[in-house]
Amino acid sequence: SATDHLGCSFTMRPAHATKALDISVGTRVEADGGLTPLVLLVSAVAAIGGFVFGYDIGGGGGSFAMEGFQTQFGWANKSEAVRADEIGWISALLTLGAAAGAAPSGILSDRVGRRPCIITSALIFSIGASLQAFASGSPSASLAQLYVGRLVGGFGVGMLSTTVPVYIAECAPGSWRGSLSMCWQFAIVIGIVVASLANVPLAHWDQGWRVSYGGNVVFALLLALLMVWMPESPRWLGQRGREAALRRTLSRLRSSTLAAEEEATSIEAKAAEEAAGGASSWRGLLRRPLAMRHRMLLGVALQCWQPLAGINAIMFFAPKILLAYFSAEAPPRLPPHIWQLRRHVCQHPRR
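Conventions we followed
Residues numbered from 1 in each chain as written. Predicted model: local features only at pLDDT ≥ 70, side-chain atom pairs only at ≥ 80, totals over all residues. Heavy atoms only, no water. Patch = residues over 30% accessible without salt bridge, like charges linked within 9 Å, V, L, I, M, F, W, Y side chains within 5 Å. Areas by Shrake-Rupley, 256 points an atom, 1.4 Å probe, with all protein chains shown as cover. Salt bridge = Lys/Arg side-chain N within 4 Å of Asp/Glu carboxyl O. Helix = DSSP H or I, 4+ residues; strand = E, 2+ residues; numbered from the N terminus. Buried < 20%, exposed > 50% of the residue type's maximum accessible area, 1.4 Å probe, protein only. pLDDT = per-residue confidence, 0-100. Contact = heavy atoms within 4.5 Å. Phe/Tyr/Trp six-rings, centres within 6.5 Å; stacked < 30°, edge-to-face > 60°. Expected span 1.5 Å × (residues − 1). Arc of directions from axis to C-beta. Core = buried A, V, L, I, M, F, W, Y, C linked by side-chain atoms within 4.5 Å.

Trainee: Mind showing me how you'd approach a nonpolar patch on the surface here?
Mentor: Taken together, Trp89, Leu96 and Leu151 make up a surface patch of nonpolar side chains, about 300 Å² in accessible area. Note on placement: Leu96 falls in helix α4 (residues 80–112). With a relative accessible area of 48%, Leu96 lands in the partly exposed category.

Following this line, the structure appears as structure tokens:
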């Protein structure tokens with residue numbers, strides 16, 4: 001460690017801790033300990049929530065071309081306009097439910113913790129997916145049950161979408177936080193690919209569409225079960241003033257006692273600073289002194305441009321869209337999967 005004439009301290013980290021040279025002004029930077037097996041395990045387990053989300057997207061979209069699905073919902077006796085309307089609602093209700101679930105999840109995870117919120121989200125999704133998979137009765141009754149299941153499942157997905165990336169980021173060491181946070185998006189794409197490939201054999205079974213909608217219940221329940229043994233977010237423990245639990249958790253997540261102690265001190269200092277600043281407000285997002293307006297607008301713009309680019313239509317309706325360009329004797333089930341696999345490869349996270 002050395003200090004130059006500008007007061008900048010330079011600290012070289014071991015190769016296993018980071019690939020870069022840390023530069024800070026007026027303070028000495030210690031290694032954050034790098035990756036540990038538990039951090040990788042926490043990230044992988046939490047990312048199952050992304051897989052659940054992706055499976056729901058890929059499975060539901062492929063079911064529209066299945067004969068068993070069309071028979072269950074009486075599409076043979078419905079006009080093209082009615083079928084298109086039902087397809088739209090089946091897809092839209094998942095998104096509407098996700099919006100409703102995302103809204104309170106931030107407050108809920110701040111109050112009860114990230115881990116209980118993820119477990120609750122997974123259980124809610126399991127209920128919704130089960131309703132979809134076991135839709136039965138007349139076409140109208142089946143459709144109503146499917147609608148309710150999509151809305152409930154979407155609520156769980158919305159909660160997962162808000163909580164899981166935050167949980168992974170707060171458990172990860174600083175030098176790996178960005179890369180590990182990508183596990184959520186990476187798992188979504190894997191889920192889409194797996195569900196799309198599963199739809200190929202399921203299309204030959206008249207009840208295969210039920211697995212397309214409910215197969216991810218297994219993964220949702222697995223997520224809820226495994227999260228019981230995962231540690232709580234260190235940052236949430238610090239915000240709640242649970243100093244002993246904070247240090248115990250960081251001692252498990254970090255590879256050195258020094259790194260754990262430094263991060264615990266930093267979290268406690270930040271929590272004290274936030275508490276001294278008083279309660280935040282929505283108006284504060286637009287105030288210049290905090291420079292939050294541009295950050296908020298950037299985040300909103302990124303979220304808006306993704307669906308406006310048309311990717312959601314491809315994800316939900318790829319089989320239906322490609323059906324118009326292939327003959328009835330060769331159903332377009334493989335092309336969407338090739339496209340999903342290409343998307344998976346292109347989104348592979350790199351440091």
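That covers the picture; the talk isn't over yet.
Trainee: How do you make sense of the confidence of the model for the protein when you look at a structure like this?
Mentor: Reading fine detail from the predicted coordinates is not recommended where pLDDT is low. Put simply, the protein has an average pLDDT of 82, and 78% of its residues get 70 or more. Confidence, expressed as mean pLDDT per element, reaches its minimum in the protein at strand β3 (residues 22–25) with 36 and its maximum at helix α10 (residues 217–227) with 97. Residue range residues 1–30 is modelled with pLDDT below 50. Its contacts to residues more than four positions away, or to other chains, number 48 contacts. For the stretch residues 328–335, pLDDT sits under 50, and the model shows 9 contacts to residues farther than four places along the chain or on other chains.

Trainee: I tried to follow the packing of aromatic side chains on my own but got confused; where do I start?
Mentor: Centre distance and the angle of the planes are the two values used to describe a pair of aromatic rings. In total, this model carries 11 aromatic pairs according to the counting rule given. Aromatic rings pair up to connect Phe64, Phe69, Phe73, Trp75, Trp209 and Tyr213 into one cluster.

Trainee: Looking at this model, I keep getting lost on helix α13 (residues 257–276). Mind explaining?
Mentor: Since the α-helix advances by 3.6 residues per turn, residues separated by three or four positions end up pointing in the same direction. The terminal C-alpha atoms of α13, which comprises 20 residues, lie 29 Å apart, in line with the 28 Å expected from a rise of 1.5 Å per residue. Every buried residue belonging to α13 is among Ala259, Ala260, Glu263, Ala264, Ile267 and Ala271, and all of these are buried. On an axial view of α13, the arc spanned by its buried residues comes to 130°, and they lie on one face. In α13, the exposed residues that point more than 90 degrees away from the buried face are Glu273 and Ala276. Here the buried face of α13 lies against α7 (177–181), α11 (234–239) and α12 (243–253).

Trainee: How should I be thinking about the nonpolar core in this particular structure?
Mentor: Soluble globular proteins: nonpolar side chains tend toward being buried together. Val42, Ile118, Val164, Tyr167, Leu223 and Met227 are the most contacted members of the largest nonpolar core, which has 38 residues in total. Here this core gets 6 residues from one element, more than from any other, and that element is helix α6 (residues 139–171). Other than its neighbours up to four places away in sequence, Val42 contacts Tyr167, Cys171, Met230, Pro231 and Leu253.

Trainee: Sorry if this is basic, but what is going on with the pattern of salt bridges here?
Mentor: Working definition: two side chains of opposite charge can pair if their charged atoms are close together. Tallied over the entire structure, the rule returns 8 salt bridges. Close ionic contact of Glu80 with Arg83 constitutes a salt bridge, the shortest N to O distance being 2.4 Å. Taken as a pair, Glu80 and Arg83 lie in helix α4 at a separation of 3 residues, close to a single helical turn. Across the pair Arg114 and Glu170 runs a salt bridge, and its minimum N-O distance is 3.0 Å. Taken as a pair, Arg114 in helix α5 (residues 114–133) and Glu170 in helix α6 lie far apart in primary sequence, 56 residues in all. Residue Arg114 shares its accessibility class with Glu170, and that shared class is buried. Here the residues in one salt-bridge network are Asp110, Arg114 and Glu170, joined through shared partners.

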